[in-house]
Amino acid sequence: MDEINALKEEICRVGRLLYDRGYVVSNDGNISVRSSEGRVWITPSGVSKGRMTPDMMVCTDLDGHVLSGDRYPSSENKMHLMVYRKRPDVRAVVHAHPPYSTACAICRRPLKERYLAEMVLGLGEVPVTEFAMLSTDQVPRSVEPFVADHSAVLLANHGALAWGPDLWAAFDRLEVVEQTARIYQLVDQIGGGVELTQKQAEDLRARTGFYQKLAGPRS
Ligand SMILES: [Zn+2]
């Protein structure tokens with residue numbers, strides 16, 4: 001299977017997973033992948049992410065000009081394209097409305113980094129953007145300040161956005177954001193958590209290489 005067919009199939013698989021996990025309902029959310037040629041394949045507007053087929057995907061250049069596909073690209077395509085322009089290392093962007101993350105986005109509550117060891121080792125703090133009118137240039141502008149130094153944001157009164165070096169990495173990050181928001185909800189219910197100290201966080205970060213080595217083949 002060539003790269004583009006594989007990529008379209010993978011977008012459909014991730015779309016079904018977003019739907020099955022309850023991160024999107026109805027026509028919520030959008031997913032994109034940048035191909036090795038530098039083109040962006042994005043989900044179409046107005047379609048449930050749980051019922052997409054590969055032929056529905058739309059291909060655009062980095063300026064948003066449609067190069068192929070019978071449908072309109074997601075109305076939030078500018079947000080995806082901005083991330084790709086700012087981060088040449090990013091190959092995939094996923095946006096959804098997972099309930100706990102979206103609740104934090106409504107409460108304008110960033111996900112603190114030092115509550116959870118895994119956040120220190122992975123995503124870091126997940127900030128909340130300014131509110132932006134949907135499907136306008138305000139959306140990429142609201143996300144832009146965070147793109148260089150983060151891997152995910154909460155979109156104020158809207159949802160969550162994550163990006164990564166490939167589609168599964170972007171999906172995993174979105175899922176970690178949702179799981180973290182869920183845990184922090186429990187922390188609030190219990191009465192508030194205890195943050196790790198700056199020193200403990202630094203010691204954790206120093207172990208990043210150790211975990212990266214374990215993720216590779218054993219030698
Ligand atoms: Zn949305």
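Below: a short report on this structure. Given the structure is predicted, the values throughout are model-derived calculations rather than measurements.

1. Quick word on the layout of surface pockets
Leftover empty space is mapped by rolling, across the atoms, a probe with the size of a water molecule.
Then, in step 1: When its volume is computed, the largest pocket comes out at roughly 360 Å³.
Then, in step 2: Forming the boundary of the largest pocket are E118, L121, G122, L123, S151, A169, D172, R173, V176, T208, Y211 and Q212.
Then, in step 3: For the lining of the largest pocket, the elements supplying multiple residues, two or more each, are helix 4 (117-121), helix 6 (167-190) and helix 8 (208-215).
Then, in step 4: At four residues, helix 6 tops the list of elements feeding residues into the lining of the largest pocket.
Then, in step 5: A breakdown of the residues in the lining of the largest pocket according to their chemical character gives five nonpolar, four polar and three charged.
Then, in step 6: Of the pockets and cavities examined, the second largest pocket occupies roughly 250 Å³.
Then, in step 7: In terms of lining, the second largest pocket is formed by 13 residues, of which the most central are C104, R109, Y184, Q185 and D188.
Then, in step 8: Elements with a contribution of two residues or more to the lining of the second largest pocket: helix 3 (99-106) and helix 6.
Then, in step 9: No other element matches the four residues that helix 6 contributes to the lining of the second largest pocket.
Then, in step 10: Considered class by class, the residues forming the lining of the second largest pocket number nine nonpolar, one polar and three charged.

2. Thoughts on the side chain of H95
Then, in step 1: Within the secondary structure, H95 is located in strand 5 (residues 92-96).
Then, in step 2: Taking the relative accessible area as the measure of exposure, H95 reaches 1% and is therefore buried.
Then, in step 3: Engagement of the side chain of H95 in a polar contact is seen with the side chain of H97, the distance being 3.3 Å.
Then, in step 4: Not counting residues up to four positions away in its chain, the partners in contact with H95 are G29, N30, M79, L155, H158, G159, A160 and L161.

3. Here we look at the packing of aromatic side chains
Then, in step 1: Here the structure, examined in full by the defined rule, presents three aromatic pairs.
Then, in step 2: Between Y115 and Y184, the aromatic rings sit 5.1 Å apart at their centres with planes inclined by 90°, giving edge-to-face as the arrangement. Taken together, the residues Y115 in the loop between helix 3 and helix 4 and Y184 in helix 6 connect sequence positions 69 residues apart.
Then, in step 3: Assessed through its relative accessible area of 22%, Y115 is described here as partly exposed.

4. Some thoughts on the pairing of strand 1 (residues 30-34)
Then, in step 1: Of all the five residues making up strand 1, five are buried; the element is thus mostly covered by neighbouring parts of the structure.
Then, in step 2: Because side chains alternate across strand 1, one face comprises the buried residues N30, S32 and R34, and the other comprises I31 and V33, equally buried.
Then, in step 3: In terms of strand pairing, strand 1 meets strand 5 through four bridges, oriented antiparallel. Residue I31 lies in a different strand from strand 5, and its bridge partner there is V94.
Then, in step 4: Bridging between strand 1 and strand 2 (residues 40-42) involves three bridges; their strand directions are antiparallel.

Cut-off values and rules
- Residues numbered from 1 in each chain as written.
- Predicted model: local features only at pLDDT ≥ 70, side-chain atom pairs only at ≥ 80, totals over all residues.
- Heavy atoms only, no water.
- 1 Å grid on protein atoms, 1.4 Å probe; cavity = no way out; pocket = protein on both sides within 12 Å on 5 of 7 lines; lining within 4 Å.
- Points joined across faces, edges and corners; volume = space filled by probe spheres on them.
- Helix = DSSP H or I, 4+ residues; strand = E, 2+ residues; numbered from the N terminus.
- Nonpolar A, V, L, I, M, F, W, Y, C, P; charged D, E, K, R; others polar.
- Buried < 20%, exposed > 50% of the residue type's maximum accessible area, 1.4 Å probe, protein only.
- Polar contact = N/O pair within 3.5 Å; in protein donor to acceptor, adjacent residues only side chain to side chain.
- Contact = heavy atoms within 4.5 Å.
- Phe/Tyr/Trp six-rings, centres within 6.5 Å; stacked < 30°, edge-to-face > 60°.
- Pairing = 2+ DSSP bridges.

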